[in-house]
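# Chains, contacts and geometry: an overview
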Amino acid sequence: MIVKKLTACNFRNYKNETVFFGKNTNIIFGKNAQGKTNLLEAIFLFSHGRSHRTKSDTEMIMFGADFMRLCLEFSDKNRDYKAILQLAKNGKKSITVNGVPITKLSMLMRYLNAVMFSPEDLQIIKGAPLLRRHFLDEAISQLHPIYLKRLISYHKNLAQKNNLLKKMRFSEKPQNDMLDVWNEQLAEDGSFIMKYRADFIQKLNSFAAEIHKEVCGENLNLLYTPSVDCDIMDKENFYKKLSSVSAREIENGASLYGIQRDEIRFFIGDKEIKNYASQGQQRTAVLSLKMAQMELIADIRGEYPVLLLDDIMSELDFSRRAYLAGRIKDKQVILTCTDLEDTESGSAADIFEVVSGQVTKREE
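Just so we're clear, the structure is a prediction, and the values are computed from it rather than from any experiment.

Moving on, we get to the sheet that holds strand E10 (residues 263-268). Within a sheet, neighbouring strands are paired by backbone hydrogen bonds and run either parallel or antiparallel to one another. Ordered by their spatial adjacency, 3 strands build an open sheet running E9-E10-E11, and the pairing between neighbours is antiparallel. Of all the strands in the sheet, the pair left with one neighbour each is strand E9 (220-225) and strand E11 (271-272). By the bridge criterion, 2 bridges tie E10 to E11 in an arrangement that is antiparallel. Across the sheet, Ile268 pairs through a bridge with Lys271, a residue of E11. The sheet contacts of helix H6 (residues 176-216) involve E9 and E10, and relative to E9 the element is tilted by about 170°.

A word on the pairing of strand E12 (residues 306-310). With 5 of its 5 residues buried, E12 lies for the most part within the structure. Alternating positions in E12 separate into two faces, Val306, Leu308 and Asp310 on one and Leu307 and Leu309 on the other, with burial throughout. Pairing of strand E8 (residues 114-117) with E12 involves 4 bridges; the strand directions are parallel. In the sheet register, Val115 faces E12, and the bridge partner there is Leu307. Examined bridge by bridge, E12 and strand E13 (residues 333-337) share 4 bridges and lie parallel to one another. Residue pairing for E13: Asp310 is matched across the bridge by Thr336. Traced from E12 through helix H11 (residues 318-327) to E13, the parallel crossover comes out right-handed.

Each value, and the rule that gives it
Residues numbered from 1 in each chain as written. Predicted model: local features only at pLDDT ≥ 70, side-chain atom pairs only at ≥ 80, totals over all residues. Heavy atoms only, no water. Pairing = 2+ DSSP bridges. Helix = DSSP H or I, 4+ residues; strand = E, 2+ residues; numbered from the N terminus. Contact = heavy atoms within 4.5 Å. Axes fitted to C-alpha atoms, helices over the stretch in contact; angles between N-to-C directions. Buried < 20%, exposed > 50% of the residue type's maximum accessible area, 1.4 Å probe, protein only. Right-handed = clockwise from strand over helix to strand, strands pointing away.

What follows is the structure, encoded as structure tokens:
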């Protein structure tokens, strides 16, 4: 998969800029706060439908402008694509791919596969369980749009159930029949989601363990621990578990079990990384995780995703930079940095300098 051309109009600090990317390593360098990460964010938007940096889309519109427009040209092994994203100040957003309107996020995610790796990803290891579930959901959704549909359905039903539980907590006549309806819906979607999560972690772990061993010689293991202790294939057991805690949920006014409380745990040997590993070991684990995600996408889709590296080289020591450079050598990579010496790129890279939202390509 190759990103060829990005045009940004009124996006962040880009008034009207076009960048043509090379098919291998692309280095975007410059001082801090010049707009390097903005270019990665723009590409990421077309693979995930949302920013990895903000929850409010309108924050991406240039200050003082009424709209923004992004155009991305890319290709996979079968055909070329031209995707256009437009966003108005009132929040109205439109996306098209080859002229076809995209009305659902699950439709967009089937086109461009991209893996982002940034210093903030260290939180996947040491942060809250929500961040690990978020990584898991995004990674699976890129590969299986049906997963995203079921995930959205689950959370809509969960919100309805929680609203009902809040009312039932103070009600003299609880609506148990309605609670059963929501539990049935959650069990239907939840068992489906758990199966996909367990299968994905198993496959990801096989790649991550091998990569981690190559990098540092240690044994990495990923473990999926669902909150519902039942057969992940069996929605009936899922439903029985939810029903068995109904009284406690009514008393608490909130759901106590379900995929929204699942956890992914990372181990080196028999020690959990977030509790016992050094900062360097945590960085190496995230590096292995992201490289494994890249390999898994290639294994399933038959081609590598675009790899977006946001100022990550400076976070790694020499040996890990060298390993990463070797691993990504024949793939399309778009990376940002403040110092070209950190990149281990050799002479084959396309190099772009960014100064105050203006991009200049260095000629050979």
